[in-house]
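Residue-level listing of the chains:
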Amino acid sequence: MKIYIDGIFYEEKDAKISVFDHGLLYGDGVFEGIRFYQGKVFRLQEHIDRLFDSARSICLQPPLPKEKIIDAALETIRCNKLNDGYIRLLITRGIGNLGLNPAHCPHPTVIIIADSIQLYPSEIYEKGLKVVTCATRRVSAAALSPMVKSLNYLNNIMAKIEAVQAGAGEGLMLNEQGFVAECTADNVFIIKNGKILTPKVGAGALAGITRAVIFELASNLGIPLQEADITRHEVFVADECFLTGTAAEVISMVELDSRPIGEGVPGPITQRLTHEFRQLTQRTGTTIY
Ligand code: PXG
């Protein structure tokens, strides 16, 4: 596998960065996870726009303009001769000293990894995910905006550990007020009486690219969708529930804290959206070759 670091492609064993990079020392940087399907990158411009917004929010000046980052991402896929897979794109603060001050890090580092992706087994897509509510709350928007996709994922990792220890497929995270925010790496949607509901971004959810696609699909299909404050109780009594993310795509959540949701199997609206989402990934995207 060839990995891009600051304009040069390295073999995996040689792809290394400094121990003084603040991405490592402090989790200081931003990233994106992007999928490509059948030689086309899905929603590439949206991911790059979010990457640049995240960077701007943390006062990180990307060392390349958007077009050059896009070229580098496409070149990384081509270099690895891949047709289907996943891109991990990072901009770290770069090399500095042992203090926090990013002013001592003059050159941000750009890293691009393109690889095949480990999906949930197909059985999970057919049967749905069992989820537990995590005691770890989502970081408050007053502390760090959930809109920033930063390299600092410790909060989500603490929640993921809880989910894994409970034997669950995912962990549901609440915000400080106790409303549903999101799962550890996926947005959450519930369906009640034919209407789709999802937490507002301000409630601690990342403005997911897949989430935005669901808004489009729901609109095209004439299914009402609204942002709302959602409690655990509302998830327990929902007719259907599903999660969205670049890695997971659209996946049904059939149980929360040992309570089956609806019939305890993937519901019809979720199945429809999963199907429509897959169709879209096959049809659209930025051509790689
Ligand atoms: N919330 C969080 C906290 C995320 O990290 C999403 C929602 C979904 O957003 P997108 O834009 O992907 O629809 C994410 C997704 C991975 C992985 O490889 C994915 C994410 C983060 C870390 C790892 O599974 N982001």
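Residues numbered from 1 in each chain as written. Predicted model: local features only at pLDDT ≥ 70, side-chain atom pairs only at ≥ 80, totals over all residues. Heavy atoms only, no water.

1. Points about the overall build of the protein chain
Stated formally: A run of H or I in DSSP counts as a helix once it spans at least four residues, and a run of E counts as a strand once it spans at least two, with each numbered from the N terminus. Whether a residue is buried, partly exposed or exposed follows from its accessible area with a 1.4 Å probe, protein chains only, as a fraction of its type maximum: under 20%, in between, or over 50%, in that order. Calculation of accessible area relied on Shrake-Rupley with a 1.4 Å probe; when residues are assessed, cover is drawn exclusively from the protein chains displayed. When charges are counted, neither His nor the chain ends are considered; positive counts come from Lys and Arg and negative counts from Asp and Glu. For this purpose, a charge sits on NZ of Lys, CZ of Arg, CG of Asp or CD of Glu.
Helix and strand content of the protein chain: 8 helices and 16 strands. Overall, the protein chain is about 55 × 40 × 30 Å in size when its C-alpha atoms are taken along their principal axes. Evaluated residue by residue, the protein chain yields a buried proportion of 51% over its 289 residues. For the protein chain, the accessible area works out to roughly 13500 Å², and carbon and sulfur atoms hold 54% of it. A distance of 1 Å separates the average location of the 29 positive side-chain charges in the protein chain from that of its 33 negative side-chain charges.

2. Focus: the layout of surface pockets
How we decide: Residues are said to line a cavity or pocket when one of their atoms sits within 4 Å of a point; the points come from a 1 Å grid over protein atoms alone, cavities being sets where a 1.4 Å probe fits but cannot get out and pockets being open sets with protein on both sides within 12 Å along at least five of seven lines. Grid points are joined across faces, edges and corners, and a volume is the space filled by probe spheres set on the points. All amino acids are sorted into three groups, where Ala, Val, Leu, Ile, Met, Phe, Trp, Tyr, Cys and Pro are nonpolar, Asp, Glu, Lys and Arg are charged, and the leftover types, Gly among them, are polar. The source of the domain bounds is an automatic or database domain assignment.
Each pocket or cavity is described by its volume, and for the largest pocket that value is around 680 Å³. Taken together, 32 residues form the lining of the largest pocket, with Tyr 86, Lys 149, Ala 185, Asp 186 and Ala 247 sitting closest to its centre. Going through the elements one at a time, strand E3 (29–37), strand E5 (85–92), helix H5 (154–165), strand E9 (180–183), helix H6 (209–221) and strand E13 (240–245) are the ones with two or more residues in the lining of the largest pocket. Residues belonging to the lining of the largest pocket are distributed by class as follows: 13 nonpolar, 10 polar and 9 charged. Viewed by domain, the lining of the largest pocket spans two of them, domain 1 (2–115) and domain 2 (122–283), each represented by three or more residues. Its volume calculated, the second largest pocket comes out at about 190 Å³. Lining the second largest pocket are 14 residues, and of these Arg 138, Val 139, Leu 144, Asn 152 and Asn 156 lie nearest its centre. Residues of the lining of the second largest pocket, tallied by class, amount to 7 nonpolar, 5 polar and 2 charged.

3. Description of empty space enclosed by the protein
In total, this model carries 1 cavity of 30 Å³ or more according to the counting rule given. One number sums up the size of the largest cavity: a volume of about 60 Å³. Lining the largest cavity we find Arg 35, Tyr 37, Phe 42, His 47, Ile 209, Thr 210, Gly 245, Thr 246 and Phe 277. The set of elements that each furnish at least two residues to the lining of the largest cavity consists of E3 and H6. Considered class by class, the residues forming the lining of the largest cavity number 4 nonpolar, 4 polar and 1 charged. Residues lining the lining of the largest cavity come from more than one domain, with at least three contributed by each of domain 1 (2–115) and domain 2 (122–283).

4. Quick look at the sheet that holds strand E2 (residues 8–11)
Which entries qualify depends on this criterion: Pairing between strands is defined by DSSP: at least two bridges between the two strands are required. Here a residue-residue contact requires only that any non-hydrogen atoms of the pair lie within 4.5 Å. Comment: axis = line fitted to C-alpha atoms, over the contacting stretch for helices; angle = value between 0 and 180 degrees taken between N-to-C directions.
With antiparallel pairing, 7 strands are arranged side by side in an open sheet as E2-E1-E6-E5-E3-E4-E16. Strand pairing shows two members of the sheet lacking a second neighbour, E2 and strand E16 (286–287), which therefore form its edges. Alignment of E3 against strand E4 (residues 40–41), held across 2 bridges, turns out to be antiparallel. When the bridges of E4 are listed, Phe 36 appears paired with Val 41. Strands in contact with helix H3 (residues 66–79) are strand E1 (2–5), E2, E3, E4, E5, strand E6 (109–115) and E16; relative to E6, the strand with the most contacts, it is inclined by about 35 degrees.

5. Some points on the packing of helix H2 (residues 44–57) against H3
When two helices pack together, their arrangement is given by the angle between the helix axes and by the axis-to-axis distance. To be explicit about the condition: Here the word oblique covers every angle except those under 35 degrees (roughly parallel), over 145 (roughly antiparallel) and from 65 to 115 (roughly perpendicular). Here is the rule for handedness: rotate from the far helix to the near one, and if that takes an anticlockwise turn smaller than a right angle the crossing is left-handed, while a clockwise turn gives right-handed.
Remark: H2 packs on H3, axes separated minimally by 11 Å, with the N-to-C direction vectors making an angle of 125 degrees. By the angle class used here, H2 and H3 are oblique. For H2 against H3, the interelement crossing comes out right-handed. Across the interface between the two elements, Leu 44, Gln 45, Ile 48, Asp 49 and Phe 52 of H2 pack against Lys 66, Ile 69, Ile 70 and Leu 74 of H3.

6. Considerations on the packing of aromatic side chains
Quick reminder of the rule: Only the six-membered ring of Trp is used, alongside the rings of Phe and Tyr, when aromatic pairs are assigned; centres must lie within 6.5 Å, and planes under 30 degrees apart are stacked while those over 60 apart are edge-to-face, with the rest tilted.
The tally for this structure, following the rule as stated, stands at 7 aromatic pairs. Aromatic pair Phe 31 and Tyr 153: ring centres 5.2 Å apart, planes at 70 degrees, arrangement edge-to-face. With Phe 31 in strand E3 and Tyr 153 in the loop between strand E7 (129–133) and H5, this pair connects stretches of sequence that are 122 residues apart. Note on Phe 31: relative accessible area 9%, which makes it buried.

7. Points about the domain arrangement of the protein chain
What counts, and what does not: In the sections that follow, a salt bridge refers to a side-chain nitrogen of Lys or Arg positioned within 4 Å of a carboxyl oxygen of Asp or Glu.
As far as domains go, the protein chain holds domain 1 (2–115) and domain 2 (122–283). Just the C-alpha atoms count here: the centres of domain 1 and domain 2 sit 26 Å apart. In this assembly, 26 residues from domain 1 lie in contact with 21 residues from domain 2. The interface formed by domain 1 and domain 2 includes 2 salt bridges. Between Arg 43 and Glu 216 there is a salt bridge, and its shortest N-O distance comes to 2.8 Å.

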